[in-house]
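Summary of the model geometry
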2 protein chains.
Amino acid sequence: MKTYGALEAGGTKMVMSILDDSGKICEREVIPTRTPDETIPDMIRFFSERSIHSLGIGCFGPLDLNPSSENFGMITRTPKLAWRNTPILRIFQDSLQIPVGLDTDVNAAALAESVLGAARGLSSCLYVTVGTGVGGGLIIHHQPVHGLVHPELGHQLILPEKDDPCPEGFCPSHRSCLEGLASGPAMEKRWHVSARDLPHDHPGWRMEVSYLAQMCHNAIMSFSPEKIILGGGVMQQTFLYPLIRKKTLELLGGYVASPCVDEGLENYIVPPGLDIHSGVMGSYLLARRACEKSD
Amino acid sequence: MKTYGALEAGGTKMVMSILDDSGKICEREVIPTRTPDETIPDMIRFFSERSIHSLGIGCFGPLDLNPSSENFGMITRTPKLAWRNTPILRIFQDSLQIPVGLDTDVNAAALAESVLGAARGLSSCLYVTVGTGVGGGLIIHHQPVHGLVHPELGHQLILPEKDDPCPEGFCPSHRSCLEGLASGPAMEKRWHVSARDLPHDHPGWRMEVSYLAQMCHNAIMSFSPEKIILGGGVMQQTFLYPLIRKKTLELLGGYVASPCVDEGLENYIVPPGLDIHSGVMGSYLLARRACEKSD
């Protein structure tokens, strides 16, 4: 039986898993993300000690995913300065001498949701995580979308609510972008209390709902995904889902003719089907695809 | 030699063309768009009198393009009420008994630009027409994007400029959407003069540039196309291109690492490579694809 390595490379921790052919997680180890010099040798050691057939990496970005670029497979302008210009794909390929698949963490999660989760059987879906940042992974025609670079959905521009005390948001690069307005830390900076502790009737939640509904509306109008999956820490507040659906319907204004809309978006704007496992299953699928491609 | 029919089905006119295998337009006829009862028989007659192998239709929307829907190939909630619920694909298939390909007018134009025009050789592009409306066609992984319905790019939400006298725009369905703020008629309603006659130093153009640059920024952040092609009547004002590039760069805020960005978007935000022929060539490509699919 073949086994595969799955690396969820995050800004605070590295989650390393070994999965078998059936997608069962056989082993899992978590180490903190320090500098590449400190962290990469530990990861190489972990994976090289297991006889895996291929490795999949869902990585924080931005990444260069253009196969014809000389920086293909490199972490580029990340704010995590120590990791800037780390050729993560090449390092693992050279050290492990097995096929390695790489994509953004959110594209990996979107892939998992489209193959095994909430968007199973559909050719397209948008996966959005709302937590310490806001990121989006996008599957269209059954494949992750890269294009010019890859989606950075959190940095789209959003209309601030009239009574938002911080209408410009907190993104250092963009005024009034989604991440700057709607991430967990943005909520905390605005209201001086963790989103977790904000009462359900606090106006901050109405604003959060508006920002996420605007994102859903813009996604439907711009690239029309067959499913929108909202995950991440902030979406643990499950009372948000019906509110976001209602506000999105209001914004759509009856313009889009679809059974999903007629049903009130109940089965369209949904939580992840794989719960908290979208990330690991996405990296696993990247590993399997890399293996198949090399066969 | 095979010949193909190309129908550009618009709200005011129907442009019917016959093209040969090499893509040369051999014949062209234009009739006004009246009601389906009046217009469709004339179109059927035109195409059935020519021995075409297949027909491609680039049609005003919205359309149902979901092959598993019972309304597949139908014009749905168009404001042109006489055309609502017209099964345009089936009518032409039944009458002509040849393969027929159907897509939105803007997806057809985007397809033509991606195969023969400004985005030739790329796997993705966004084609936007800014005229009496604002519409967007989207190619990803070499294929037009449909998804839930199909892109309705003009109805994404945009941040109005602070000094815009009509910050809510003029769309009957959406407050502050791109079409409601930036279409030709929106400019005319706002400034009481046709966009054509607005002096280049009028503040209306600064606003127009901001709205179109926001759209470009959001496209790059949301689905990262490899090329953005801006066409349509308003973009005949070619002084807009460098201004839109400059404003988009400003909005991106150094966040996206790409040679296209480093070059100032000069070869990224561009006019159509096929000039005014994107539409007819798109319908032609839909005809060819329908023919190949049936072979």
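Note that the structure is predicted; figures quoted are calculated from it, not measured.

On to helix H1 (residues 36-48) of chain A, then. Residues and elements named next belong to chain A. Its 13 residues place the ends of H1 17 Å apart at the C-alpha level, agreeing with the 18 Å of an ideal helix rising 1.5 Å per residue. All of the buried residues in H1 are Pro 36, Thr 39, Ile 40, Met 43, Ile 44, Phe 46 and Phe 47. One side of H1 holds all its buried residues, which, seen down the axis, span an arc of 160°. Those residues of H1 hidden inside the fold are in contact with strand S1 (3-9), strand S2 (13-20), strand S3 (25-32), strand S4 (54-59) and helix H2 (88-96).

A few words now on the interface of chain A and chain B. Contact with chain A, which involves 49 residues of that partner, is made by 49 residues of chain B. Summed over both sides, the interface between chain A and chain B buries roughly 4000 Å², with carbon and sulfur atoms accounting for 62% of that surface. Per-residue buried area on chain A facing chain B is highest for Leu 148, Leu 157 and Tyr 255 of chain A; these three make up 19% of the total on that side. Put simply, chain A and chain B have two salt bridges between them. A salt bridge links Arg 77 of chain B to Asp 262 of chain A; the shortest N-O distance between them is 3.6 Å. At the boundary of chain A with chain B, the tally comes to 26 residue pairs in polar contact (both at pLDDT 80 or more). Counting residues per element, the ones that place at least two in the side of chain A that touches chain B are strand S9 (134-140), strand S10 (143-144), helix H6 (203-222), helix H7 (240-252) and helix H8 (259-262) of chain A. Top contributing element to the side of chain A that touches chain B by residue count: H6 of chain A, with six residues. Among the residues making up the side of chain A that touches chain B, the classes are represented as 23 nonpolar, 20 polar and six charged.

Time to look at the relation of the copies chain A and chain B. Placing chain A over chain B gives an RMSD of 0.0 Å and needs a rotation angle of 180°, together with 0.0 Å of translation along the axis. In symmetry terms, the pair is related by a two-fold rotation axis. Taking the C-alpha atom as reference, chain A places Leu 159 of chain A closest to the rotation axis, 2.8 Å from it. Interface residue correspondence from chain A to chain B reaches 100%, placing this contact among same-surface, isologous pairings.

Time to look at the sheet that holds strand S8 (residues 125-130) of chain B. Within a sheet, each strand pairs with its neighbour through backbone hydrogen bonds, oriented either parallel or antiparallel. Residue and element names in this part refer to chain B. Judged by pairing direction, the sheet is mixed, and its five strands sit side by side in the order S10-S9-S8-S11-S12 without closing on themselves. Edge positions in the sheet fall to strand S10 (143-144) and strand S12 (269-270), since each has one partner strand and no second. Strand direction decides the pairing type here: strand S9 (residues 134-140) and S10, joined by two bridges, are antiparallel. When the sheet's bridge partners are listed, Ile 140 is paired in S10 with Gln 143.

All names here are of chain A. Strand order across the open sheet formed by five strands is S10-S9-S8-S11-S12, with mixed pairing between neighbours. Since the sheet does not close on itself, it has two edges, and those belong to S10 and strand S12 (269-270), each with one partner. Across two bridges, strand S11 (residues 228-231) lies against S12 in parallel orientation. Its bridge partner being in S12, Ile 229 is matched across the sheet by Val 270.

Turning our eyes to something else, we now look at the environment of His 142 of chain A. Residues and elements named next belong to chain A. Relative to the helices and strands, His 142 resides in the loop between S9 and S10. Residues His 142 and Lys 2, 140 residues apart in the sequence, show an inter-C-alpha distance of 24 Å. Setting aside chain neighbours within four positions, we find His 142 in contact with Leu 122, Ser 123 and Arg 289.

As a further point, take the domain arrangement of chain A. Residue and element names in this part refer to chain A. Once the domains are mapped, chain A shows domain 1 (3-104 + 276-294) and domain 2 (118-271). Buried surface at the junction of domain 1 and domain 2, both sides included, amounts to about 610 Å², of which 48% is carbon and sulfur. Counting the contacts that link domain 1 with domain 2 gives three residue pairs in polar contact (both at pLDDT 80 or more). Mapped by element, the contributors of at least two residues to the side of domain 1 that touches domain 2 are strand S7 (100-104) and helix H9 (278-294). Residue classes in the side of domain 1 that touches domain 2 are distributed as three nonpolar, two polar and two charged.

Residue Pro 62 of chain A follows Gly 61 of chain A across a cis peptide bond; omega there is -5°. As for its position among the elements, Pro 62 of chain A is in the loop between S4 and strand S5 (63-64). Positive phi values are uncommon outside glycine, yet His 192 of chain B reaches one of about 60°. Among the structural elements, His 192 of chain B can be located in the loop between helix H5 (184-191) and helix H6 (203-222).

The next subject is the packing of helix H3 (residues 105-115) of chain A against H9 of chain A. Residue and element names in this part refer to chain A. Direction vectors running N to C along H3 and H9 enclose 85°, while the axes themselves pass 7 Å from each other. Taken as axis vectors, H3 and H9 run roughly perpendicular relative to one another. Side by side, H3 and H9 meet where Ala 108, Ala 109, Leu 111, Ala 112, Glu 113 and Val 115 of the first sit next to Ser 278, Gly 279, Met 281, Gly 282, Ser 283, Leu 285, Leu 286 and Arg 289 of the second.

Further remarks concern the packing of aromatic side chains. Tallied over the full model, the rule gives nine aromatic pairs over all chains. Between the aromatic rings of Trp 205 of chain B and Phe 239 of chain B, the centroid separation amounts to 5.4 Å while the plane-to-plane angle is 85°, which identifies the pairing as edge-to-face. Highlighted residues: Trp 205 of chain B in helix H6 and Phe 239 of chain B in the loop between strand S11 (228-231) and helix H7 (240-252), separated in sequence by 34 residues. Overall, Phe 239 of chain B belongs to the buried group, its relative accessible area being 18%. Over the face of the ring belonging to Phe 46 of chain A we find Arg 50 of chain A, whose NZ or CZ atom lies 4.1 Å from the ring centre. Above the face of the Phe 60 of chain B ring, Lys 80 of chain B is positioned so that its terminal group lies 4.9 Å from the ring centre.

About the cut-offs
Residues numbered from 1 in each chain as written. Chains lettered and ligands numbered in written order. Predicted model: local features only at pLDDT ≥ 70, side-chain atom pairs only at ≥ 80, totals over all residues. Heavy atoms only, no water. Helix = DSSP H or I, 4+ residues; strand = E, 2+ residues; numbered from the N terminus. Expected span 1.5 Å × (residues − 1). Buried < 20%, exposed > 50% of the residue type's maximum accessible area, 1.4 Å probe, protein only. Arc of directions from axis to C-beta. Contact = heavy atoms within 4.5 Å. Buried area = accessible area lost by both parts, 1.4 Å probe. Salt bridge = Lys/Arg side-chain N within 4 Å of Asp/Glu carboxyl O. Polar contact = N/O pair within 3.5 Å; in protein donor to acceptor, adjacent residues only side chain to side chain. Nonpolar A, V, L, I, M, F, W, Y, C, P; charged D, E, K, R; others polar. Least-squares fit on C-alpha atoms with pLDDT ≥ 70 in both. Pairing = 2+ DSSP bridges. Domains from an automatic or database assignment. Axes fitted to C-alpha atoms, helices over the stretch in contact; angles between N-to-C directions. Parallel < 35°, antiparallel > 145°, perpendicular 65-115°, else oblique. Phe/Tyr/Trp six-rings, centres within 6.5 Å; stacked < 30°, edge-to-face > 60°. Lys NZ or Arg CZ within 6 Å of the ring centre and 35° of its normal.

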